[in-house]
Amino acid sequence: MNILEIKDLRKSFGKKEVLHGVGFSMKRGGIYGLVGPNGAGKSTIMKIMGGLIFPTAGEINFYNSEGNKEELQAARRKMSFMIETPYLKSFANARQNLEKQRLQKGLPDKKIIDRVLESVGLSGVDDKKQVRQYSLGMKQRLGIATALMCDPELLVLDEPVNGLDPAGIHYIRELLLKLNQESGVTILISSHILSELSQLCTDYIFIGGGNILETATAEELERSGRGCFEVVTTDNEKAFGVLGGRFGESVVMEDGVIKLYGEIGSEAELSEMLFAAGAVPTRLARAESDLEKYYLEKVPESEGGIE
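All values reported here derive from a predicted model rather than from experimental measurement.

Procedures and definitions
- Residues numbered from 1 in each chain as written.
- Predicted model: local features only at pLDDT ≥ 70, side-chain atom pairs only at ≥ 80, totals over all residues.
- Heavy atoms only, no water.
- Helix = DSSP H or I, 4+ residues; strand = E, 2+ residues; numbered from the N terminus.
- Buried < 20%, exposed > 50% of the residue type's maximum accessible area, 1.4 Å probe, protein only.
- Contact = heavy atoms within 4.5 Å.
- Areas by Shrake-Rupley, 256 points an atom, 1.4 Å probe, with all protein chains shown as cover.
- 1 Å grid on protein atoms, 1.4 Å probe; cavity = no way out; pocket = protein on both sides within 12 Å on 5 of 7 lines; lining within 4 Å.
- Points joined across faces, edges and corners; volume = space filled by probe spheres on them.
- Nonpolar A, V, L, I, M, F, W, Y, C, P; charged D, E, K, R; others polar.
- Core = buried A, V, L, I, M, F, W, Y, C linked by side-chain atoms within 4.5 Å.
- pLDDT = per-residue confidence, 0-100.
- Pairing = 2+ DSSP bridges.
- Axes fitted to C-alpha atoms, helices over the stretch in contact; angles between N-to-C directions.
- Parallel < 35°, antiparallel > 145°, perpendicular 65-115°, else oblique.
- Left-handed = near helix turned anticlockwise from the far one by under 90°.
- Expected span 1.5 Å × (residues − 1).
- Arc of directions from axis to C-beta.

Trainee: How should I be thinking about the overall build of the protein in this particular structure?
Mentor: The secondary structure content of the protein amounts to 11 helices and 13 strands. In the protein, which comprises 307 residues, the share counted as buried stands at 46%. Contacts in the protein between residues at least 24 apart in sequence constitute 69% of all its contacts with a sequence separation of at least 6. When the accessible surface of the protein is totalled, it reaches about 15500 Å², and 47% of it is carbon and sulfur.

Here it is as structure tokens:
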């Protein structure tokens, strides 16, 4: 089931159009990476989803709301957003910030504050400590905690690991995976750290210059040739000839390693083929997809570098 459908979405600021008929859909239970450079339109899409700004044209539907304003507002109650910097009261502590959110959202259960603090690893934070004294990683975690107050079905996060150290990035990644896998939360996340997205996302939406360039699942990216199988044998020249005869131009040799791109069958079949040819495999391993390389191929040079 699609949890979100966007059709021909356009947005202009004055005479400048920044979204040019954007369209994509998201299925329930996925983790979607929105990938694009600065100024591509990522934050604009997220703000329109959250009702912070209005589109110039187009449709945005949640749970088959078909663009009906009342249904759209009702659907947004099942969603949470953290767009750009989390809005937190600097001179209040974590509980005070969450209590304000609870009251604003009309949530009767006061125990929800303890639950969301525990879920983001902040249950042991000293209540005397004000948010202005928090590290960046703690502020990001508290921002996610505020987004979890309404027990969302869809979580939209704009650069949630921006500026964090490796330990902070790891914590946020594990938290999002847990929310997705254990609670079934669908997630849309933008990030300039593409290696991090590759460890999280089930699907990707590539955007550049206000246009959707491509959508693909993680599996489709791997099959398209961004991922490869690496082979080293006791006789690489012989192995290269055998594999080249079988797989053609999808086989290359770089720095003493044979790389097979695309669909190659099972590892066992590959190993048997090499043994039969007298080239004993000493290494058979699937390399991770190179998301950054794929991104740079898709985004026009005029769009600039990675955020």
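Resuming the write-up.
Trainee: How should I be thinking about the environment of E84 in this particular structure?
Mentor: In this structure, E84 sits in the loop between strand 5 (79-82) and helix 3 (94-105). With relative accessibility at 46%, the residue E84 sits in the partly exposed group. Taking C-alpha positions, E84 is 8.2 Å from L157, a pair spaced 73 residues apart along the chain. Setting aside residues no more than four positions away along its own chain, E84 makes contact with S43, K47 and D158.

Trainee: Mind showing me how you'd approach the layout of surface pockets here?
Mentor: The gaps of empty space that remain are located by a probe, the size of a water molecule, rolled over the atoms. The space that makes up the largest pocket amounts to roughly 630 Å³. As for the largest pocket, its lining consists of 20 residues, and the residues nearest its centre are M79, S80, F81, Q101 and K105. Looking at the lining of the largest pocket, the elements that each hand over two or more residues are helix 2 (69-76), strand 5, helix 3 and helix 5 (136-147). Across the lining of the largest pocket, the residue classes tally to 10 nonpolar, seven polar and three charged.

Trainee: In this structure, what is going on with the nonpolar core? I would like to understand it.
Mentor: One broad trend across soluble globular proteins is that nonpolar side chains are buried collectively. Judged by nonpolar contacts, the single largest core of 48 residues is most densely connected at L142, L155 and L176. The element that contributes the greatest number of residues to this core is helix 6 (residues 166-183), accounting for six residues. Residues contacting L176, with those up to four places away along its chain left out, are L155, L157, I187, I189 and L200. Counting residues in each nonpolar core, the second largest holds 28 residues, with V22, L34, M49 and I207 among its members.

Trainee: Which parts of the structure should I look at to understand the confidence of the model for the protein?
Mentor: Caution applies to low-pLDDT regions: their predicted coordinates should not be interpreted in detail. When the pLDDT values of the protein are averaged, the result is 85; 90% of them are 70 or greater. Highest mean pLDDT in the protein belongs to strand 7 (residues 186-190) (95); lowest belongs to helix 8 (residues 218-226) (68).

Trainee: What is the right way to look at the sheet that holds strand 8 (residues 203-208) in this model?
Mentor: Pairing between the strands of a sheet comes from backbone hydrogen bonds, and it takes one of two forms, parallel or antiparallel. Judged by pairing direction, the sheet is mixed, and its six strands sit side by side in the order 5-6-7-3-8-9 without closing on themselves. Of all strands in the sheet, those with a lone pairing partner are strand 5 and strand 9 (211-217), marking the two edges. Between one strand axis and the next, the sheet turns by 15 degrees as a mean value, whatever way the strands run. Sheet topology note: the strand 3 (residues 31-35)/strand 7 ladder contains four bridges and is parallel. Among the inter-strand pairings, I31 is bridged to a residue of strand 7, identified as I187. The sheet strands contacting helix 1 (residues 42-50) are strand 3, strand 5, strand 6 (154-158), strand 7 and strand 8, and the helix crosses strand 6 at an angle near 145 degrees.

Trainee: Whenever I open this one, the packing of helix 3 against helix 5 confuses me. Can you help?
Mentor: Each pair of packed helices gets described by two things: the angle between the helix axes and the distance between those axes. Orientation of helix 3 relative to helix 5, taken along the N-to-C sense of each, is 25 degrees, at an axis distance of 10 Å. Regarding the angle of helix 3 to helix 5, the classification is roughly parallel. For helix 3 against helix 5, the interelement crossing comes out right-handed. On the side of helix 3, the interface is formed by A94, L98, Q101 and K105, while helix 5 contributes L142, A145 and T146. The class makeup of the residues in the contact of helix 3 with helix 5 is four nonpolar, two polar and one charged.

Trainee: For this particular structure, what's the right way to read the pairing of strand 8?
Mentor: Every regular strand shows the same layout, with side chains that alternate between the two sheet faces. Counting buried positions over the six residues of strand 8 gives six, a clear majority of the element. Burial of the side chains of strand 8 extends over both faces: D203, I205 and I207 are buried on one face and Y204, F206 and G208 on the other. In this structure, strand 3 lies alongside strand 8, joined through four bridges in parallel fashion. Within strand 8, the position partnered with V35 by the bridge is F206. Sheet topology places strand 8 next to strand 9; six bridges connect them, and they run antiparallel. From the neighbouring strand, I205 faces strand 9, where its bridge partner is T215.

Trainee: Mind showing me how you'd approach helix 9 (residues 236-247) here?
Mentor: An α-helix turns once every 3.6 residues. As a result, residues three or four positions apart point the same way. If you check helix 9, its first and last C-alpha atoms are 15 Å apart, about what 12 residues at 1.5 Å a residue would give, namely 16 Å. Regarding helix 9, the residues found buried are N236, A239, L243 and F247. The arc that holds every buried residue of helix 9, seen down its axis, measures 60 degrees, which confines them to one face. Those residues of helix 9 that are exposed and angled more than 90 degrees off the buried face are E237 and G245. Backbone geometry just downstream of helix 9 places G248 in the positive-phi region, at approximately 65 degrees.

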